[in-house]
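So the chains spell out like this:
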Amino acid sequence: MTIKVGDTLIARPSSLPDRIGGDRRRSTADDHGAPLVPELPAPEPSRKPSSQSQRGLDWFIFFLADVQTGFGPFVAVYLTTQKWTQVEIGFVLSIGGIVALLGQMPGGAIVDAARSEKLVAGLAVATIGCAALAFAVWPIFPVVTAAATLHALASCVLGPAIAAISLGLVGPYAIGERLGRNARFASLGNGSAALLMGAAGYLISSRAVFLVTFILAMPTLIALSRIRDREIDVAQAHGAIFREVPDKKATSVLALCSKRPLLIFAFSVLLFQLANAAMLPLMAGVVTMRSSQWAPVLIAACIIVPQAIVALASPSVGRKAQAWGRRPLLLLAFGALVIRGVLFATVRDPYLLVAVQVFDGITAAVFSVMVPLIVADVAFGSGHFNLAQGIVGTATGIGASLSTVLAGYVSDKFGSNIAFLGLAGIAALGLLMILSIMPETRRVAGAPDAR
C-alpha cells in the first residue's frame, strides 16, 4: 500500500483497546522483488483482548470446524442411503463447489461492508445449522440443492469473518500468533468431529450426522457470543487505518487488486493448490490397489497425521512468522510439498506412505497461518482486508479444482508415478516463485516493513 508523505494515523474515538498511530513514509522497491518498506511506528500502549474473548474465539473455531465437518464426505454417504443416483449426488456437490468458488470475493466484500463481523458470522452459522436440518428432515432434490447452496454461500463469509475478528481483537502486530492459535483449534475440531460424526453414522444412522451438525451449531453460537464486541476494532478488522486527510488511492479496490505482492502470493497459492489438492486422493487410489484390505485404515491415518501436526505446530508457525518473516516459512512449505510428491512417486510400501504424510502436516500448518497473515500484511490500510482474502480464496478454489482433473488425466495416461512427479514439479515452480519474486511482507513495529 502507498501512503502519502506526512499522513498521520489517528485512533478512532471509541473505547476500543487497539489503536494505531504515527507517521507513514513512502519507500521504494528494487528491481529484484525487494519489498517496499515504509517505517512503521510502535503502536500506542493498548489493552490486550480479554481472556474471555480469546477463549470465545478459540471455542467458536473449534465448534465451527465440527459443524463444517458434517458437510464433508458424509453428504455423499447419506444421499446414497436415500437412494439418490450418483448423477444427482454429483450435481449437488458440484453446485456447492461452484457457488463456493464464485462467492469468495463477494463474501469478503460483504464482511468488509459489515459493521459487525460477529453478526455476519452468527447469521452464517445459523444458516449452516438450518441447512443441516433440511438435509436430515427433507432429503428431496430441491430442498437438498437449496440447502447445499445456502451452506456454500454461508461458508464464503465465515473464513473472512474469523480472520477479521482475529485482526480486530489483537491488531496487526500480534495477528501471526493468533492465527496459529486459530489453526490449532480448527484442527482439533476437525479431528474430534470426524470421530463424532463417524460414531453417529455407524451407531445410529447417516441421517444422525446432520442432526448432530444442527445441534453443534448451538454451542458454536454460544462461543461466538462470548467474544466482547467492544474489544473488536471494526476498522482494524477491515484492514483500515484512520487518516486526517482521506487517501482515495490507498483505499481504492483497484489499487488493492493491482498490488504486486498480493498478485504474486495469489498465484503462488494457486500453484500450491494445483500441486497439493490431488495428492491425497491419488495416493488413496494407489494404496487401495496395493493393500485393499487395510486401505480405509491407512487412508484414515493419512488424514489424522497431518491434522495432529497442524494442531501441535500452528502456534509455533505464527510466532516464527513474526520472528523470521513470511518467506522462509513459505519456502519450507513448498519444499515439503516437493519432497512429498517425489516420495509418493518412489515409495512402494503402503505403510510408509503414512509417514510421508508428515510433510503434508508441515505444509498444512504453514499455509493455514500464512494465507490470512500475508493477506493482512498486504491489505493493511486499504480497508479491504476481507476482499483481499476473497481474491486469494478464489485462487485457492481454481487451483484445487484443476488439480484433481489434471492429475487424474495424467495418472490414467502415464501412471500415478508420473502424476506425482508432475505435481512435485508444480510445487517446485511455486518454490522458485517465492524464492525469486515474492517480497517479504512482515510488519514489525518501528522497523522497515514490506509492502
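In what follows, the structure referred to is the one given above.
These notes cover the structure that comes with them. All values derive from a computational prediction rather than experimental measurement. (Residues numbered from 1 in each chain as written. Predicted model: local features only at pLDDT ≥ 70, side-chain atom pairs only at ≥ 80, totals over all residues. Heavy atoms only, no water.)

A word on the packing of aromatic side chains. Counted under the stated rule, the structure contains twelve aromatic pairs. Judged by centre distance (5.9 Å) and plane angle (85°), the ring pair of Phe-272 and Phe-334 falls under edge-to-face. You can see Phe-272 sitting in helix α11 (residues 260-276) and its partner Phe-334 sitting in helix α14 (residues 326-346), a full 62 residues away along the chain. Judged by its relative accessible area of 4%, Phe-272 falls in the buried class. A relative accessible area of 0% places Phe-334 in the buried class. (Phe/Tyr/Trp six-rings, centres within 6.5 Å; stacked < 30°, edge-to-face > 60°. Helix = DSSP H or I, 4+ residues; strand = E, 2+ residues; numbered from the N terminus. Buried < 20%, exposed > 50% of the residue type's maximum accessible area, 1.4 Å probe, protein only.)

Counted by the stated rule, this structure contains seven salt bridges. For Arg-228, the salt bridge is made with Glu-231, and the minimal N-O distance between the two is 3.5 Å. By relative accessible area, which is 27% here, Arg-228 ends up partly exposed. Overall, the relative accessible area of 0% leaves Glu-231 in the buried class. Between Asp-377 and Arg-326 there is a salt bridge, and its shortest N-O distance comes to 2.8 Å. Taken as a pair, Asp-377 in helix α15 (residues 350-379) and Arg-326 in helix α14 lie far apart in primary sequence, 51 residues in all. Of the two residues, Asp-377 and Arg-326, neither departs from the other in class, the shared state being buried. The network of salt bridges with common partners includes Asp-58, Arg-178 and Arg-181. (Salt bridge = Lys/Arg side-chain N within 4 Å of Asp/Glu carboxyl O.)

Let's shift gears to the packing of α11 against α14. Viewed as axis vectors pointing N to C, α11 and α14 meet at an angle of 25°, and their least axial separation amounts to 11 Å. In this view, α11 runs roughly parallel relative to α14, as classed from their interaxial angle. Regarding α11 and α14, the two cross each other, and that crossing is left-handed. Contacts between α11 and α14 involve Phe-265, Ser-268, Phe-272, Ala-275 and Asn-276 from the former and Leu-330, Phe-334, Leu-337 and Arg-340 from the latter. Looking at the contact of α11 with α14 residue by residue, the class counts come to six nonpolar, two polar and one charged. (Axes fitted to C-alpha atoms, helices over the stretch in contact; angles between N-to-C directions. Parallel < 35°, antiparallel > 145°, perpendicular 65-115°, else oblique. Left-handed = near helix turned anticlockwise from the far one by under 90°. Contact = heavy atoms within 4.5 Å. Nonpolar A, V, L, I, M, F, W, Y, C, P; charged D, E, K, R; others polar.)

Taking 1.5 Å per residue as the helical rise, helix α3 (residues 86-102) with its 17 residues ought to reach 24 Å, and the 24 Å between its terminal C-alpha atoms agrees with that figure. The inward-facing, buried residues of α3 contact α2 (74-81) and α6 (141-170). (Expected span 1.5 Å × (residues − 1).)

Together, Val-342, Phe-414, Ile-418 and Leu-421 give the surface a local cluster of nonpolar side chains, amounting to about 360 Å² of exposed area. In this structure, Leu-421 sits in helix α17 (residues 416-436). Taking the relative accessible area as the measure of exposure, Leu-421 reaches 42% and is therefore partly exposed. (Patch = residues over 30% accessible without salt bridge, like charges linked within 9 Å, V, L, I, M, F, W, Y side chains within 5 Å. Areas by Shrake-Rupley, 256 points an atom, 1.4 Å probe, with all protein chains shown as cover.)

Here we take up the nonpolar core. Of all hydrophobic cores here, the largest spans 116 residues; its most connected members are Phe-60, Phe-135, Leu-158, Phe-265 and Met-370. Setting aside chain neighbours within four positions, we find Met-370 in contact with Phe-265, Val-317, Ala-321, Arg-326, Leu-329 and Leu-330. (Core = buried A, V, L, I, M, F, W, Y, C linked by side-chain atoms within 4.5 Å.)

With that settled, the discussion passes to unusual backbone geometry. The phi dihedral of Lys-83 is positive, around 70°, even though this residue is not glycine. In this structure, Lys-83 sits in the loop between α2 and α3. For Lys-83, a relative accessible area of 74% corresponds to the exposed category.

Its 30 residues give α6 an end-to-end C-alpha distance of 44 Å, which sits within 8% of 44 Å, the value for a rise of 1.5 Å per residue. Within α6, 21 of the 30 residues are buried, which leaves it mostly tucked inside the rest of the structure. One or two positions beyond α6, positive phi appears at Gly-171, with a value near 85°.

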